[in-house]
Structures are given as structure tokens and as C-alpha cells.
Amino acid sequence: MEQSVERLGYVVMGVPDLAESTKFYSNVGHLTVHDSSDAASFLGGGYDHHWLRLEENQHRRGLMRVGFQLANDEALSDVANRLDERGIRWQEIGDLEGDGVDRGLRFVDPDGVEIDAYTDMLCRAVKPTQDVVRMTEMLHAVWFSADPVAAHRFYADVLGFRASDWIKRNAVFMRSANNYHHSLGIFRSSPQRAASMDHFCILVENIDDVMRARNIALRQGAQLQKDVLRHAASGSISVYIADPMTGISFEFCTEHDIVDPDHRPRLLEGSPITRDVWQAGSPGLAKNAPLGATSDTPLTRTAKESGGESSVADLANSIA
């Protein structure tokens, strides 16, 4: 099957305080506000109208929707036909004035994640000036599923994603047509946690950008969800910064692998060294480590709900 999806386009998140979250992603995430209204902020780091859309929502915090850019109108028709064949309802989207997206469709995956598949987005004439953290791509998004094997099958059959690697059968990293190691990652979780987001990732130019982003985040009072590491699966050097309003994290990474089109997915072990190859040789490491969330790992409350307690989600075993 042809790879219908070219790349990850954007993530939409619900936040309890739009102004506060917009400030956080501007100051700590180094994103530029490209457009805004009383109900939403559109932020980006490249020519695209937005990579991140924040919507004020008192009842739904965290992941609301993910947008993937398709190759062309033919790919859009193919996706619609595949959804029809499976009896999955979809609706047309496209509002250049309101959303910055031209033509597309919206549907819900088997876990309950709302997906936009679109052809084109408004493009800025000039890329935002980036003197500190130089960003190149909105790279990937990772969320939870009760059944990653079934989720892999769905995204392969409907959108043409290809598996790059597995962690046992508890996590799958899937690539789009740009052939970065993954545009999409799916981790096993309890059914209650399915469709919630672990993190999204922005690709930066080099390790200096990763370290500047890390150090500025700490000076701004932000918390690191995971400190600097190198992943075995993608080769990325990454740092993860916690979003105090939603409990998810966002990743800055560099040296993320571009894989061959005929790459055969590996079945990697679920160990600390898979998460961070720089831990190799460290004493006291367990042979295997839990992956992602489990049935006894509930979502962490936000700082406002917990009276100021830490709002970092307990995701220390995430691997993407």
C-alpha cells in the first residue's frame, strides 16, 4: 500500500487556561504564536500555520486531536474509501480562515483518538526567527492504546503507516512517507488510559539546541520529565519537558534516524538500555523495565487539582 501520510502536521490540546498555556509554550517551548482567538492559540516553529493548537477547555485536558498531512487529493480519496469499507464514519473539514487547513476529513480511531487527515495548510511567507532553539520539524506524536497490535493494523491499513520498530509487542513506532523513524508511536496501556497522549516531539538542528532548550526550561522553572538521553530505536538525542497544565510532555530531539524504505522492523527488548543506550554498563539495571502506563498507573493530577503537588505524569518508562 502507498504511504498516504507524508508527515505529522499538528497536535490539538485542551488546556484549562489558554493564556497561561500559550505563555508556557512560547517561553519554554520556543514556539511562535501565529494566530489566536478568545478560544484558541495556533503556535508553530516553521512555515506551517501551526504545529500546536491550544483550546481552552475546562473539562478535557490533554490530547484532543492529531492532524496528519496527506500527499495529495488522491490520497484523501483513498483514505475516505478505506474508512467507508470499514464502516467508520468521517466528516469533511477545511476552513482556511478558521483552522488554517484547506481540504481534509476527520474520524475517530478504534481507541477513541480523533484524527484529521488533510491535504494543505496555510503557509507563512517567512519562517519565525529562531536565535536560541532552531526547529526544523513537528516530528511525531505518541499516545496510549489498550492494544498496540490492533492499532498498528488500523494505521497501516487505513493511512499506510509502516512499522519501523517494536518494543516487544507493547509499543510500535510507525513511519510516514518522509521516512523519519516514526511520525507516530503507540504504547500499551490500561483501557482507561487509551487515547491519552504521552508526548509530542519537535526536531531541532543539533545537540546544542537540545541543551539550550533544556537549560532555558530549568531556568524558567519547568520540570524535566526525562533528562538528556539517546534512544535505541530512533537514535534520537532527546530531552522531555513536562507541561504542568496537562500532565503530558514535549520532546526536543536531534539525530533522529531516517530509515530505508525497505527497512525491516526490529523486535526490541523492553529494557532501560532500549530507552537510553547511554545506560549500558550501569550497575543495578533490571533486565526488563515496564513500558509506558499500566493498569495501576493512573493519570497524574494537574498542579491546580492537587494543590500545588508535582504535575509531571508518571511516564518515566516511556521509550519513544
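Scroll up to find the structure this text is about.
All values derive from a computational prediction rather than experimental measurement.

A.B. asks: How should I be thinking about the overall build of the chain in this particular structure?
C.D. replies: On a plain count of helices and strands, the chain comes out with five helices and 17 strands. Of all 320 residues assigned to the chain, the portion counted as buried reaches 56%. A sequence separation of at least 24 residues applies to 66% of the contacts in the chain between residues at least 6 apart. For the chain, the accessible surface area stands at approximately 13500 Å², while carbon and sulfur atoms represent 45% of it.

A.B. asks: What is the right way to read helix 3 (residues 148-159) from this model?
C.D. replies: Every α-helical turn comprises 3.6 residues, leaving residues that sit three or four positions apart pointing alike. With twelve residues, helix 3 extends 16 Å from end C-alpha to end C-alpha; this agrees with the ideal 16 Å at 1.5 Å per step. Three or more residues of helix 3 are buried, namely Pro148, Ala151, Phe154, Tyr155, Ala156, Val158 and Leu159. Looking one or two residues past helix 3, Gly160 carries a phi angle of roughly 80°, positive in sign.

A.B. asks: When you look at the pattern of salt bridges in this model, what are you seeing that I'm missing?
C.D. replies: Pairing between side chains of opposite charge can happen when the charged atoms of each approach one another. Taken as a whole, this structure holds 15 salt bridges when the rule is applied. Ionic pairing is found between Asp116 and Arg65, a salt bridge with its closest N-O pair at 3.2 Å. Taken as a pair, Asp116 in strand 8 (residues 114-118) and Arg65 in strand 5 (residues 62-70) lie far apart in primary sequence, 51 residues in all. You'll find Asp116 and Arg65 in the same group, each marked buried. Between Asp209 and Arg212 there is a salt bridge; the shortest N-O distance is 2.9 Å. Separated by three residues within a single helix, Asp209 and Arg212 lie in helix 4 (residues 207-219), roughly one turn from each other. On the accessibility criterion, Arg212 (31% relative accessible area) is partly exposed. Via salt bridges that share partners, Arg53, Glu55, Arg65, Asp99, Arg106, Glu114 and Asp116 belong to a single interconnected network.

A.B. asks: Would you explain the packing of aromatic side chains in this entry?
C.D. replies: The description of an aromatic ring pair rests on the distance of the ring centres and on the angle between the ring planes. Across all of its chains, the model carries 14 aromatic pairs by this definition. Ring centres of Tyr25 and Phe200 lie 6.2 Å apart, and the angle between their planes is 35°; on these two criteria the pair is classed as tilted. Highlighted residues: Tyr25 in helix 1 (residues 18-27) and Phe200 in strand 13 (residues 197-204), separated in sequence by 175 residues. We classify Tyr25 as buried; its relative accessible area is 1%. Judged by relative accessible area, Phe200 falls into the buried class, the value being 1%. An aromatic cluster is built from Phe68, Phe107, Trp143, Phe154, Tyr155 and Phe161, whose rings are joined through pairwise contacts. Over the ring of Trp166 we find Arg169; its NZ or CZ atom is 4.7 Å from the centre of that ring.

A.B. asks: Hey, could you run me through the pairing of strand 6 (residues 90-95) in this one?
C.D. replies: In summary, the side chains of a regular strand alternate between the two faces of the sheet. Bridge analysis of strand 6 against strand 7 (residues 101-108) gives five bridges, and the strand direction is antiparallel. Residue Gln91 lies in a different strand from strand 7, and its bridge partner there is Arg106. The antiparallel pairing of strand 6 with strand 7 creates a hairpin that spans five residues between the two strands, and Gly100 there sits at a positive phi of about 80°.

A.B. asks: Please clarify how the pairing of strand 9 (residues 135-145) should be interpreted in this entry.
C.D. replies: Within strand 9, nine of the eleven residues are buried, which leaves the element mostly enclosed by the surrounding structure. Where strand 9 and strand 13 come together, seven bridges link them in antiparallel fashion. In the strand pairing of strand 13, Trp143 is matched with Met197. For strand 9 and strand 12 (residues 184-188), the ladder comprises five bridges, and the chain directions are parallel. The partner of Ser145 across the bridge, within strand 12, is Arg188.

What counts, and where the lines are drawn
- Residues numbered from 1 in each chain as written.
- Predicted model: local features only at pLDDT ≥ 70, side-chain atom pairs only at ≥ 80, totals over all residues.
- Heavy atoms only, no water.
- Helix = DSSP H or I, 4+ residues; strand = E, 2+ residues; numbered from the N terminus.
- Buried < 20%, exposed > 50% of the residue type's maximum accessible area, 1.4 Å probe, protein only.
- Contact = heavy atoms within 4.5 Å.
- Areas by Shrake-Rupley, 256 points an atom, 1.4 Å probe, with all protein chains shown as cover.
- Expected span 1.5 Å × (residues − 1).
- Salt bridge = Lys/Arg side-chain N within 4 Å of Asp/Glu carboxyl O.
- Phe/Tyr/Trp six-rings, centres within 6.5 Å; stacked < 30°, edge-to-face > 60°.
- Lys NZ or Arg CZ within 6 Å of the ring centre and 35° of its normal.
- Pairing = 2+ DSSP bridges.

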